[in-house]
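Observations on chain architecture
Below are the chains, spelled out letter by letter.
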Amino acid sequence: MGKAKLEDKNQNISVEDHGAEHDHDHHQSFITKYIFSTDHKTIAKQYLITGIFWAFIGGMLSVIFRLQLGFPDMELEWLRPLLGKWITETGKLDPEFYLALVTMHGTIMVFFVLTAGLSGTFSNFLIPLQIGARDMASGFMNMLSYWFFFASSVVMFFSLFIETGPASGGWVVYPPLSALPQAISGSGLGMTLWLIAMALFIASTLLGGINYITTIINLRTEGMSFTRLPLTIWAFLLTAILGLLSFPVLFAAALLLIFDRSFGTSFFLSEIFINGEALPNIGGSPILYQHLFWFLGHPEVYIVILPAFGITSEIIATNSRKPIFGYRAMIGSLLAITVLSFLVWAHHMFVSGLNPFLGSVFVLFTLIIAIPSAVKVFNYLTTLWRGNIVFTPAMLFSIGLVSFFISGGLTGIFLGNSAIDIQLHDTYFVVAHFHLVMGSAAFFGMMAGVYHWFPKMFGRMMDARMGYVHFWLTFIGIYLVFFPMHYLGIAGFPRRYYSFTNFDAFNIFTDLNSFISVAAILTFAAQLVFAFNFFYSIFRGRLAPLNPWRSNTLEWTTPRFLGHGNWPGEIPKVYRWPYDYSKPGAREDFIPQNVPLSVTPESNLPSEKEKVDAENRRTKEKSVNEK
Amino acid sequence: MIIGILAIVYRIHGLVDVARNTHQKRVTSSNRINAVLLFIFLIAGVAATIWMSFSWFDLYHLPVASEHGKSTDSIFWITMAVTLVVFFITQILLFFFSFRYRYKEKRDAFYYPENNRLEIVWTIVPAIVLSLLIFGGLKAWNNLMDDPPEQSEVVEILGYQFAWRTRYPGNDNQLGAYDYRMIDAENVFGMDFRDRASFDDFSPREVHLPKGKPVLFKIRARDVLHSVFAPHFRLKMDAVPGMPTSFWFIPNKTTEEMRVETGNPDFNYEIACAELCGRGHFSMRLLVVVEEPEDYEKWKSEQKSWLSNNPDYLSKVPEDLKELALLKTGLDKQ
Ligand code: HEM
Ligand SMILES: [Cu+2]
Ligand SMILES: [Cu+2]
């Protein structure tokens, strides 16, 4: 590591200098270094790679059910080697398995990819590096968090292959459907495994979240006040708080569901007659489950999107070569979203039989939460205005995020208005809404983060042009898939339908459904470009310069290949906020956070000048006194 | 093989980069290309949106056939107008700024960290617009969620795996009591024949409704959640086991009128299920016929009560009510 110290922080090292700085922690065995590691960087990579694995599984599942939706008459015999008995004798997809696919797709994407894969990766990787800490507050808990996630993944993955099929009640697993194996075969062992996996997952999230919060509050380096935190860190902090407050409620819901399923209680079950038999359960309420679920479920959508916001804020500022516009307004809107996201859950339940007056209250809060969301968009736009924009792949994905968030956020205004939601609820309009606003936007945030911090994670660069190809295919592809779904939804097409041929009203748009399926398959295929670029670059990528994007935050002051502890020498101190880009008078178009104000007299703002003068006076007085 | 090709492409890029020394430069020609592509995307996207919205209008626009549907539709279209304006403005700015302010060596970005007045403006303006939208929405919502008019026609709709059944109250205008423990293969509603109100209840295969009269759907489920969704009536309400729900509305176009309006002689109103309920979720279809009130009354008077179709169940009627049951069902005459 000695060599790294010699290198100037802000100077690029040339390619020829293939410094053989491998990690020199020879005392660590392979197991403690790469598997049961307590190093936040390794844990981040574990999360990332597990997340990528799950993203491909989740994507595969959607390709299979899109085949069914786009080409209902298609002969699917060729899938038998993969799906076995789930292909019926007539060569069709089994309708129950269709539901299993949809359910697992949703569960995997929301929880395993966009929660664990996104927060897990970037909170772990960036929090210590950007606040100037050597590691997380508790490396051990952090490791435990990943391994709980891993165990959860194993259980969930295993459930895909069992005889009765995985959980099939939708990712929201509403009882009674999810409570009664008689109702659907996926509610047998598959549902049990789903619940176990989610319990492990929640434990993992809580362990991780406590750690993120503690670390951010306690381990900031000297000078890193809350008002100098990069927006990434603000976003991770609030995400962790959201998770900490809402996941336990899902745990409670899961627990009660387990009781109803296995121990004869009636929390969610009442007056049920099924399969020729009247069940003894009386007095439970399926609506109670929905309240509990969405008390997590709505914050969950922000758990997914806030880290993506944090990441794009950082990337858009860096690549526009401008400070993020309205730093304080951005923090304010994050805070507002955090608080309000606990007050809107019942907008998913307007037509569930909920008291209509209660519905009106939730209409009000729902449309209030749209305001801070809009403020964020306006701030992004103003940050781009009169910038000097460098289109790195990360920047393109960030712009894509903003575009998706606008498209998907605006449809939220329809859905949040209960009178309109009567018609749109549980149709493809909702599918379009949340895939754009949450699914695609957060996915783009994740991709942006990977392209941006890959050089720091692996010390090498990803190929930019492959990144461009990946971006364009994915960006266009996602719009082709999800934008037309709005029309299907307005036409009334319900969600989670195996086929639309049974209804006159929905027996239209068959070409459009085929088109969407083709677009979905191509978009999925385009992700192989990314997978190749990612894995190949880990080993063969061009060695990364120390600060390839000319960025201000602390992680770029570390050596190319970081060891445990992040900085070989002292932890840098922080003297300014992270957004001094293109500051008038400055020599370069960026001034890293660890550059003291006293060495940049040419660019200091009046208030900063005063600060420096006061500082000088104080040191002078001190030295006089000492004499 | 694909991986092989990708690997070669990757290497060539790398070598070209080294040869041109591009990684030493701040930006490459890709920057311009990406900026232009973003701009093209904007134009193409706007054009495609407009094209789809117009050319598919007749497909996605469902004619509305209920009174409240007229008001919820108008709020829908007002919201559509407002959000489309915002949509176009923000997307255009996003892509235009990206294109216009692409990297130029000589240009300095404008150091512009904040402007509180702007923040306040774009907090307050959306707040006002949204308030107006919810004001309209809540007004319509409160009206249609209000108690149903006294003289509403009552129809019970029961969802189960995987079909709907309907029950009308009969001449006494009262649905009989039910108990889920009394359900069996024939008595799908669990009708309780100790209650005299159930003697004349009838259960047709399809729903008939009078045009222009308030109708109250009483909605039940007996196994898992279902949801009554009648797209043309802009009506949706979950069916919940153990918790009856309801929805009232005024159908305002007969099936015949809709056939004329849509130009489709085979048009029929349909009810679908909108809450995932299992394997057959996608096939829970129920036909609805809306007719002129006279035709409706005529149809109603022709219906035979459930009990008269299932005389075995007379044995469930308590002794003291037997006579009444025979009378009401007309079974006494046989
Ligand atoms: C502009 C602010 C937003 C508003 C007003 C809004 C409103 C709504 C409403 C009312 C629904 C329920 C629709 C229905 O089921 O009938 C909904 C669904 C959903 N929203 Fe949003 N939303 C907003 C932003 C977001 C964001 C930021 C995310 C994620 C990051 C998100 C993710 C979702 C998801 C996943 C669903 C579907 C849940 C399901 O499976 O039923 N929404 N949204
Ligand atoms: Cu929500
Ligand atoms: Cu259903």
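Residues numbered from 1 in each chain as written. Chains lettered and ligands numbered in written order. Predicted model: local features only at pLDDT ≥ 70, side-chain atom pairs only at ≥ 80, totals over all residues. Heavy atoms only, no water.

1. Thoughts on the domain arrangement of chain B
Residues and elements named next belong to chain B.
- If you check the domain split of chain B, you get domain 1 (2–67 + 98–104) and domain 2 (153–333).
- Computed from C-alpha coordinates alone, the two centres of domain 1 and domain 2 are separated by 54 Å.
- On the domain 2 side, the residues contacting the six residues of domain 1 number 13 residues.
- Here domain 1 and domain 2 share an interface that buries about 850 Å² over both sides, 54% of which is from carbon and sulfur atoms.
- In this assembly, domain 1 and domain 2 are joined by zero salt bridges.
- Counting the contacts that link domain 1 with domain 2 gives eight residue pairs in polar contact (both at pLDDT 80 or more). (Domains from an automatic or database assignment. Contact = heavy atoms within 4.5 Å. Buried area = accessible area lost by both parts, 1.4 Å probe. Salt bridge = Lys/Arg side-chain N within 4 Å of Asp/Glu carboxyl O. Polar contact = N/O pair within 3.5 Å; in protein donor to acceptor, adjacent residues only side chain to side chain.)

2. As for the coordination of the iron atom of ligand 1
All names here are of chain A.
- Inspection of the coordination sphere of the iron atom of ligand 1 shows a single protein donor, His433 (NE2), at 2.3 Å.
- A distance of 4.6 Å spans the gap from the iron atom of ligand 1 to the copper ion (ligand 2).
- For histidine 433, the location among the structural elements is in helix H14 (residues 428–458). (Donors = N, O, S within 2.8 Å, 3.2 Å for Na, K, Ca; no water. Helix = DSSP H or I, 4+ residues; strand = E, 2+ residues; numbered from the N terminus.)

3. Section: the packing of aromatic side chains
Residues and elements named next belong to chain B.
- Taken as a whole, this structure holds 109 aromatic pairs over all chains when the rule is applied.
- Arranged with centres 5.9 Å apart and planes meeting at 65°, the rings of tryptophan 51 and tryptophan 56 form a pair that is edge-to-face.
- By relative accessible area, tryptophan 51 is classed as exposed at 54%.
- Overall, the relative accessible area of 15% leaves tryptophan 56 in the buried class. (Phe/Tyr/Trp six-rings, centres within 6.5 Å; stacked < 30°, edge-to-face > 60°. Buried < 20%, exposed > 50% of the residue type's maximum accessible area, 1.4 Å probe, protein only.)

4. What to know about empty space enclosed by the protein
Residues and elements named next belong to chain A.
- For the coordinates displayed, the defined rule picks out six cavities of 30 Å³ or more.
- Ser62, His105, Met109, His435 and Phe482 are, among the 43 residues lining the largest cavity, the residues nearest its centre.
- Looking at the lining of the largest cavity, the elements with two or more residues in it are helix H3 (40–70), helix H5 (95–131), H14, helix H15 (464–482) and helix H17 (510–540).
- Reported here for the second largest cavity is a volume of approximately 190 Å³.
- If you go around the second largest cavity, you meet 20 residues; those closest to its centre are Thr115, Ser119, Thr205, Gly209 and Tyr212.
- Of all elements in the fold, only H5, helix H7 (189–218) and helix H8 (231–262) reach the threshold of two or more residues within the lining of the second largest cavity. (1 Å grid on protein atoms, 1.4 Å probe; cavity = no way out; pocket = protein on both sides within 12 Å on 5 of 7 lines; lining within 4 Å. Points joined across faces, edges and corners; volume = space filled by probe spheres on them.)

5. Notes on unusual backbone geometry
- Proline 175 of chain A connects to proline 176 of chain A through a cis peptide bond whose omega is 5°.
- Note that proline 176 of chain A resides in the loop between helix H6 (139–159) and H7.
- Of note, the bond from glutamine 161 of chain B into phenylalanine 162 of chain B is cis; its omega dihedral lies within 30 degrees of zero at -5°.
- With respect to the helices and strands, the residue phenylalanine 162 of chain B is situated in the loop between strand E1 (153–160) and strand E2 (163–167).
- At aspartate 426 of chain A, a residue that is not glycine, the phi angle is positive and equals roughly 55°.

6. Focus on the sheet that holds strand E7 (residues 245–249) of chain B
Residue and element names in this part refer to chain B.
- Spatially, E2-E1-E4-E7 is the arrangement adopted by the four strands of the open sheet, whose pairing is mixed. A single partner strand is all that each edge strand has here, and the edge strands are E2 and E7. The average undirected angle you get between the axes of adjacent strands in this sheet is 25°.
- Pairing of E1 with E2, which is carried by five bridges, proceeds in the antiparallel orientation. Pairing of tyrosine 160 across the sheet is with alanine 163, part of E2. (Pairing = 2+ DSSP bridges. Axes fitted to C-alpha atoms, helices over the stretch in contact; angles between N-to-C directions.)

7. A few points about the side chain of serine 517 of chain A
Residue and element names in this part refer to chain A.
- Structurally, the position occupied by serine 517 is in helix H17.
- A polar side-chain atom of serine 517 sits 2.6 Å from the main-chain carbonyl oxygen of arginine 66.
- Setting aside its immediate chain neighbours within four residues, serine 517 contacts Arg66, Leu69, Gly70 and Phe71.

8. Some remarks on the site of ligand 1
Residue and element names in this part refer to chain A.
- Contacts to ligand 1 come from 21 residues, most closely from Val301, Asp421, His425, His433 and Met438.
- In the environment of ligand 1, an oxygen atom lies 3.1 Å from a nitrogen or oxygen atom belonging to the side chain of tryptophan 171.
- Between ligand 1 and histidine 425, the relevant distance is 2.6 Å, taken from an oxygen atom to a side-chain nitrogen or oxygen of the residue.
- Those elements giving two or more residues to the shell around ligand 1 turn out to be helix H9 (286–320), helix H12 (393–415) and H14.
- Across the shell around ligand 1, the residue classes tally to eleven nonpolar, eight polar and two charged. (Near = heavy atom within 4 Å. Nonpolar A, V, L, I, M, F, W, Y, C, P; charged D, E, K, R; others polar.)

9. Topic: the packing of H5 of chain A against H9 of chain A
Residues and elements named next belong to chain A.
- Closest axis-to-axis distance for the H5/H9 pair is 10 Å, and the angle between their directions is 45°. Put simply, H5 runs oblique to H9. For the crossing formed where H5 meets H9, the hand is left-handed. Facing H5, whose interface residues are Val110, Phe111, Leu114, Thr115, Leu118, Ser119, Phe122 and Gln130, H9 presents Leu296, Glu300, Ile303, Val304, Pro307, Ala308, Ile311 and Glu314.
- In terms of residue class, the contact of H5 with H9 is built from eleven nonpolar, three polar and two charged. (Parallel < 35°, antiparallel > 145°, perpendicular 65-115°, else oblique. Left-handed = near helix turned anticlockwise from the far one by under 90°.)

10. Focus on the interface of chain A and chain B
- Residue-level contacts link 129 residues of chain A with 109 residues of chain B.
- Taken over both partners, the interface formed by chain A and chain B buries close to 10800 Å², and the fraction arising from carbon and sulfur atoms is 68%.
- Here chain A and chain B share five salt bridges between them.
- With a closest N to O distance of 3.0 Å, arginine 279 of chain B and aspartate 94 of chain A form a salt bridge.
- Per-element tally for the side of chain A that touches chain B: the top contributor is helix H11 (residues 356–384) of chain A, with 14 residues.

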